[in-house]
Each structure stands twice: as structure tokens, then as C-alpha cells.
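# Tertiary structure, described
In case you want the letters, here they are:
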Amino acid sequence: MTGALLYGAPAPGLVEVPPGALQLSPLIPGSSDIAALPDASADAAVILAPPGTLERDFVLAHALRALKPGAPITAFAPKDKGGSRLKKTLQSFGCEVGEAARRHHRFCSAVRPAAPRDLAQAIAAGAPRIMPSLGLWSQPGVFSWDRPDPGSVRLLEALPALVGRGADLGCGVGLLAQSILASPKVTALACVDVDRRATDCARHNLDDPRAAVVWADLRRPLEGLADLDFVVMNPPFHDGGAEDRALGVGFIEAAARMLARRGVCWLVANRHLPYEAALAGAFAAVTLRAEGGGYKIFEASK
């Protein structure tokens, strides 16, 4: 018996969440995997639907698959981030849908039909797969899931062959890590990301005993990473779709804590992001190594 399901972290007072609901968001470390839930096992579902079409349909289809026939589902999202499309999506799965609007969100209520339609197609479209454009396992919803991120490509062009123990913070599916591990002088690489889908894919992609993939939120204390020789990162600067420059600053501060004396941090950032002050406050020396194409690359040392 699964009980109630919750996907995402709704703002307080936005929606009623059943007590003890099982958290399913891949962006909340420690949550459960919606794809691993048994069929027809859950009593209710509350879904803060993600904005991407493939990701949203994947989540809603899995939620309906996991619900018992007749069990209620509430799906909601901001109007400008997919909320206006929720009703049509649920109807395409065979649901009769009630809709309401409040606090800039659309809310859709339905019950799981006895025989939902087209769940398998939506699940397959949003599932992990090898992306030819990357040559790596990836999944819709992961950052830059279907193409190399231009900032990461710029950083790869500037990176020297690294040496010793290091970390890739915000590793994604392992694009940077794969190149870092090409250096035989790298002895260990911790690959950290807040997205479970990314870390699951990274484990497939980094078939190397030197790589340790960690699902963790770097805004929380992370034990076990200290006295590193290097840190490499392309830090995020969006949280829930809104720009949040504090995320990058947090990554910089985390990198400084992890590095040994004379350890080095390589960072790529969009040109408009003002990370210079944070770097200067956390490191003894900061050098702009490259700039162009809307990006800047820094080398910072303890």
C-alpha cells in the first residue's frame, strides 16, 4: 500500500497535501522514484506539474498508472509554466477533469479511470535514453538533456588536464566528468547533482572506478568532500524557473570549503552573472581565463 503521493514542493497554503504523502520529486534528495511505484497501489496524488511537455506528461502518466482506479489526482502549475495545458493532458489520458484558478495557478482535479489511455506512450517519451547529440544517457527534465550545454563546452575547451582528487559540482549527466576522467592523473572524481534523474544517467555514463556519483543538494552541508585538488563547475542560476544568483554563490562557497590549500576551482558562468566578488571573497587568487560567446571562465585558487 503506497498511500498518498506528492510530486514537488507546493508553496504553503497553495494546496492541501495528504498527511504522510510520499515525496516523488527527483529534485528533492531522498525522495522516491515515481517510475518504481507499483501499478494501482496509491490512494491519492498531488502533482506540482513540471513545465516541460515531455517531463510533465511522463509524471502525470506515471501518477495515473500508480493510482488505484477511482483514486483522486490533483495536478496544478503556474498558468505561464504549463498550467493552462494540464486539463488537455489529463483528458488525453481518459480523465474527466474539473478546473479552477487561484493564486496565478491552474488546478485540475480528476479520478483515475478504470482504463486510462496512452500512458505507456507518455512514459516512453519521457524515459531515460541515449541521446545521439550527447552520446550519453539522458532524460527529459534534466538540464540541457538533449544537447551539449554551450557553457560546459566552453569550459571543456579551456580546461587543462587535471590532477589528483576532485569534484564536478552540478555534474548533470556527466558531460564534464567524462572529459575530466580522460586525464590518467585524476585519481578520484565526486560527481554531485541535485537531480536524481541526472545522477542516475551519470552512473550509466561514467563507467570508471574513479567516479563516485552523489545525489545531493549543495545548499545543504555535504560531508566527505574535503582537501580536494580541484573542483570544476557550471553552476545553476535558476530555481523553479526564476533567476537566483545566490545558487552560484553557494556553489563557489562550497567549492572553497572542499578544496585543499592551493586547490583550484574552474568555473564557467554566463557573462551577465556577477560572481567576481564571491570568487574574490572565497579564494586567494582569481584569474579570468577566457571570455566569449556570452560566457566567462575563471580559475580560482586557494
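Structure: see above.
To keep things clear, this report deals only with the structure shown in the data block. (Residues numbered from 1 in each chain as written. Predicted model: local features only at pLDDT ≥ 70, side-chain atom pairs only at ≥ 80, totals over all residues. Heavy atoms only, no water.)

### Quick notes on the packing of aromatic side chains
In this description, a pair of aromatic rings is defined by centroid distance and the angle of the planes. Under the definition given, this model contains 1 aromatic pair. Sitting above the plane of the Phe107 ring, Arg102 keeps its charged end 3.8 Å from the centroid. (Phe/Tyr/Trp six-rings, centres within 6.5 Å; stacked < 30°, edge-to-face > 60°. Lys NZ or Arg CZ within 6 Å of the ring centre and 35° of its normal.)

### Points about the sheet that holds strand 3 (residues 42-48)
Across the sheet, which stays open at both edges, the 6 strands sit in the order 2-1-3-4-6-5 with mixed pairing between neighbours. Single-partner strands in this sheet number two, and they are strand 2 (22-23) and strand 5 (98-102). With 5 bridges joining them, strand 5 and strand 6 (residues 105-111) adopt antiparallel strand pairing. Opposite Ala100, over in strand 6, you have Phe107 as the bridge partner. (Pairing = 2+ DSSP bridges. Helix = DSSP H or I, 4+ residues; strand = E, 2+ residues; numbered from the N terminus.)

### Considerations on helix 1 (residues 53-66)
With 14 residues, helix 1 extends 20 Å from end C-alpha to end C-alpha; this agrees with the ideal 20 Å at 1.5 Å per step. Among the 14 residues that make up helix 1, 12 are buried, leaving the element largely enclosed by the rest of the structure. Listed as buried for helix 1 are Glu55, Arg56, Asp57, Phe58, Val59, Leu60, Ala61, His62, Ala63, Leu64, Arg65 and Ala66. On its buried face, helix 1 is in contact with strand 1 (3-7), strand 3, strand 4 (72-78), helix 2 (86-92), helix 3 (119-125) and helix 6 (196-205). (Expected span 1.5 Å × (residues − 1). Buried < 20%, exposed > 50% of the residue type's maximum accessible area, 1.4 Å probe, protein only. Contact = heavy atoms within 4.5 Å.)

### Some words on the nonpolar core
Of all hydrophobic cores here, the largest spans 32 residues; its most connected members are Ile34, Ile47, Leu60, Leu64, Ile73 and Leu90. Listed by contribution, the elements that provide at least two residues to this core are strand 1, strand 3, helix 1, strand 4, helix 2, strand 6 and helix 3. When residues no more than four places from it in sequence are discounted, the contact partners of Leu64 are Ile73, Leu90, Phe93, Cys95, Arg112 and Leu119. Of all hydrophobic cores here, the second largest spans 28 residues; its members include Leu228, Met258, Leu259 and Phe298. (Core = buried A, V, L, I, M, F, W, Y, C linked by side-chain atoms within 4.5 Å.)

### Some thoughts on the sheet that holds strand 9 (residues 164-169)
The strand order 11-10-9-12-15-17-16 describes an open sheet built from 7 strands, whose pairing is mixed. The sheet is open, and its two borders are formed by strand 11 (211-215) and strand 16 (285-292), each paired with just one other strand. Strand after strand, the sheet turns through a mean of 15 degrees between neighbouring axes, direction not considered. Examined bridge by bridge, strand 9 and strand 10 (residues 186-193) share 6 bridges and lie parallel to one another. Considered in strand 10, the bridge of Leu169 is made with Val192. Strands in contact with helix 7 (residues 245-258) are strand 9, strand 12 (228-233) and strand 15 (259-270); relative to strand 15, the strand with the most contacts, it is inclined by about 160 degrees. (Axes fitted to C-alpha atoms, helices over the stretch in contact; angles between N-to-C directions.)

### Notes on unusual backbone geometry
Backbone geometry places Asp118, a non-glycine residue, at a positive phi of 60 degrees. Note on placement: Asp118 falls in the loop between strand 6 and helix 3. Classification of Asp118 as partly exposed rests on a relative accessible area of 41%. In this structure, Asp227 takes a positive phi of about 55 degrees despite not being glycine. Looking at the element boundaries, Asp227 is found in the loop between strand 11 and strand 12.

### A closer look at the pattern of salt bridges
Inspection of every chain in the model, using the stated rule, returns 14 salt bridges. For the salt bridge of Glu276 with Lys296, the shortest nitrogen-to-oxygen distance reads 2.9 Å. Within this pair, whereas Glu276 is found in helix 8 (residues 276-282), its partner Lys296 is found in strand 17 (residues 295-301), the two being separated by 20 residues in sequence. Relative accessible area serves as the criterion here: at 36%, Glu276 is assigned to the partly exposed category. Each of Asp33, Arg196, Asp200 and Arg203 takes part in a single network of salt bridges with overlapping partners. (Salt bridge = Lys/Arg side-chain N within 4 Å of Asp/Glu carboxyl O.)

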